[in-house]
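Residue strings, one per chain:
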Amino acid sequence: MKQTASARFTIQSWDEQPYSEGPDQPKLTRAMVAKTYTGDLDGEAHVEYLMMYRGDGTASFVGLERFVGRLGGKSGSFVLQRTGVFEAGQAKESYAVIQGSATGDLRGLTGEGQSSLGHGSEYPFALSYAL
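It should be emphasised that the depicted structure is a prediction, and the values quoted were computed from it without experimental measurement.

A.B. asks: Sorry if this is basic, but what is going on with the side chain of E93 here?
C.D. replies: Among the secondary structure elements, E93 is positioned in strand β6 (residues 90-97). A distance of 2.6 Å separates polar atoms of two side chains, one belonging to E93 and the other to R82. Residues contacting E93, with those up to four places away along its chain left out, are Y49, F61, R82, T83, G84, G113, Q114 and S115.

And the structure:
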């Protein structure tokens, strides 16, 4: 039976560097991001995004995020696979727990979610999951 975890996260650091760009080419960047979660998810996470920026300021991105902490009172870690777009000032993404990535009391975790976030200092996060 699926449950829903509700949490909030803050971004502790965002280090983004271009690794490929040129005239008439989209810019490719890599961002290393550190987050802190509170709520039903309580812990820290690190995500590495690869992004492609178009000339109009929109972007597409993929990322892998390792969360370490507690989910629903159980300790462990897991990895989320994230995919999304940035357009009209919103980052719209979907994410899923990668099968076999969970450790500790979270071993066997499955889950997914979606979000649409603007700029801010604290962001909502929801994960529909089964354990």
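A.B. asks: Quick question: what am I supposed to make of the pairing of strand β7 (residues 110-117) here?
C.D. replies: Every other side chain in a regular strand lies on the same face of the sheet, so the side chains alternate between the two faces. Burial along β7 is one-sided: G111, G113, S115 and L117 are buried, while T110, E112, Q114 and S116, pointing the other way, are not. Bridge count between β7 and strand β8 (residues 123-130): three bridges; the pairing is antiparallel. Looking at β8, one finds that T110 is bridged to A130. The loop that links β7 with its antiparallel partner β8 comprises five residues.

A.B. asks: Explain the side chain of T58 to me, please; I cannot follow it from the model alone.
C.D. replies: By secondary structure assignment, the location of T58 is in the loop between β3 (41-53) and β4 (59-71). Overall, T58 belongs to the buried group, its relative accessible area being 16%. Only 2.6 Å separates the side chain of T58 from the side chain of D56, close enough to count as a polar contact.

How each quantity is defined
- Note that residues are indexed from 1 along each chain, following the sequence as it is written.
- The predicted origin of the model limits local features to residues at a pLDDT of at least 70 and limits the giving and counting of side-chain atom pairs to 80 or more, whereas totals for whole chains, interfaces and linings rest on all residues.
- Each side-chain value is worked out from all heavy atoms of the structure, with water and hydrogens disregarded.
- Elements are defined by DSSP. Helices are runs of H or I of four residues or more, strands are runs of E of two residues or more, and each kind is numbered from the N terminus.
- Pairs of N or O atoms within 3.5 Å make up the polar contacts considered here, provided that, within protein, one atom can donate a hydrogen while the other can accept it, and that residues adjacent in sequence are counted only when both atoms are side-chain atoms.
- Throughout, a contact is declared for two residues whenever any of their heavy atoms are within 4.5 Å.
- Residue exposure (1.4 Å probe, protein chains only): buried if accessible area is under 20% of the type maximum, exposed if over 50%, otherwise partly exposed.
- Strand pairing follows a simple DSSP-based rule, namely that at least 2 bridges must link the two strands.

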